[in-house]
Amino acid sequence: MKVTPVPKIAGAYLFTPTPHVDERGFFCRTFDREIARSVDIDPDRFAQDSVSRSAKGVVRGLHLRSGDGEAKLVRCSYGEVFDVVVDLRPGSPTYRNREFFELSGDTQVTVYVPAGCAHGFQALTDPADLSYRIDRPHDPSEDVTIAFDDPDLAIAWPLAVTLMSARDRQAAPLLRRRGL
């Protein structure tokens, strides 16, 4: 497994596995505690694994958590997604930077999203499954959502947005949020 820093987002990494492909399909390791430790990510910090399934065109996000934030490992386990990370840590050297990735079930590449960064994605296939490994238990009272169409972020979603949750659709842009 190869680990690559994401230059536009301090502390973010891409973990690129080596799928072993044959006539049956493929097998690959998607997490390795020693490789995580090699870039100062404590594998024992992770508290929950979750998965979401989305139809083509669905946008989820942009989400982050208040308080101590939430670090996560994100991987498309099936289908393809357009993945977005936005650095919203005021003291970060990459503050307000954004980075985009195409994640795919074929490659199984994982993105490490540091605490304090917003994350969102759009499903490019029907369906697309996104797997999350989160570093602390979910607390809905800490949920923060940033508008997916925030003009200051100018995210060029590749497809027309087909469906969103009411919370995501009604989210405020960064300009109207304090401390971000």
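Anything mentioned here points back to the structure above.
Since this is a predicted model, take the numbers as computed values, not measurements. (Residues numbered from 1 in each chain as written. Predicted model: local features only at pLDDT ≥ 70, side-chain atom pairs only at ≥ 80, totals over all residues. Heavy atoms only, no water.)

**Some details on empty space enclosed by the protein**
If you walk through the whole model with that rule in mind, you get one cavity of 30 Å³ or more. Forming the walls of the largest cavity are Met1, Phe15, Thr30, Phe31, Asp32, Ile35, Ala36 and Leu73. (1 Å grid on protein atoms, 1.4 Å probe; cavity = no way out; pocket = protein on both sides within 12 Å on 5 of 7 lines; lining within 4 Å. Points joined across faces, edges and corners; volume = space filled by probe spheres on them.)

**As for unusual backbone geometry**
Trans is the common state for peptide bonds, and a negative phi is the common state for residues other than glycine. For the bond from Gly61 to Leu62, the omega torsion is 15 degrees, close enough to zero to count as cis. The topology assignment puts Leu62 in strand 6 (residues 59-65). For the bond from Asp126 to Pro127, the omega torsion is 0 degrees, close enough to zero to count as cis. Here Pro127 lies in the loop between strand 11 (117-123) and strand 12 (128-134). A positive phi angle, near 70 degrees, is found at Arg96, a position not held by glycine. Along the polypeptide, Arg96 turns up in the loop between strand 8 (80-87) and strand 9 (98-104). For Arg96, a relative accessible area of 34% corresponds to the partly exposed category. With phi around 60 degrees, Gln108 is a residue other than glycine that occupies positive phi space. Summarising the element assignment, Gln108 is placed in the loop between strand 9 and strand 10 (110-113). (Helix = DSSP H or I, 4+ residues; strand = E, 2+ residues; numbered from the N terminus. Buried < 20%, exposed > 50% of the residue type's maximum accessible area, 1.4 Å probe, protein only.)

**Considerations on the environment of Thr125**
Its location among the elements puts Thr125 in the loop between strand 11 and strand 12. In sequence terms Thr125 and Asp68 are 57 residues apart; their C-alpha atoms lie 33 Å from each other. Setting aside chain neighbours within four positions, we find Thr125 in contact with Ser54, Ala55, Lys56, Gly79 and Glu80. In this structure the side chain of Thr125 is engaged in a polar contact, spanning 2.9 Å, whose partner is the backbone oxygen of Pro127. (Contact = heavy atoms within 4.5 Å. Polar contact = N/O pair within 3.5 Å; in protein donor to acceptor, adjacent residues only side chain to side chain.)

**Structural notes on the pattern of salt bridges**
A complete count under the given rule lists 15 salt bridges for this structure. Of the charged contacts in the structure, one is a salt bridge between Glu34 and Arg37, with a shortest N-O distance of 2.8 Å. A residue pair is termed a helical-turn pair when its members lie 3 or 4 positions apart in one helix, as Glu34 and Arg37 do in helix 1 (residues 33-38) at three residues. Among the residues examined, Arg37 registers a relative accessible area of 35% and is labelled partly exposed. For Arg45, the salt bridge goes to Asp135, with nearest N and O atoms at 2.7 Å. (Salt bridge = Lys/Arg side-chain N within 4 Å of Asp/Glu carboxyl O.)

**Points about the layout of surface pockets**
Roughly 440 Å³ of internal volume is contained in the largest pocket. Lining of the largest pocket is provided by 23 residues; of these, His63, Lys72, Tyr132, His138 and Arg167 occupy positions nearest its centre. The set of elements that each furnish at least two residues to the lining of the largest pocket consists of strand 5 (48-54), strand 6, strand 11, strand 12, strand 13 (143-145) and helix 2 (166-169). Tallying contributions element by element places strand 6 first for the lining of the largest pocket, with five residues. Partitioned by chemical class, the residues of the lining of the largest pocket number nine nonpolar, seven polar and seven charged. (Nonpolar A, V, L, I, M, F, W, Y, C, P; charged D, E, K, R; others polar.)

Just geometry here; none of it tells us what the structure is for.
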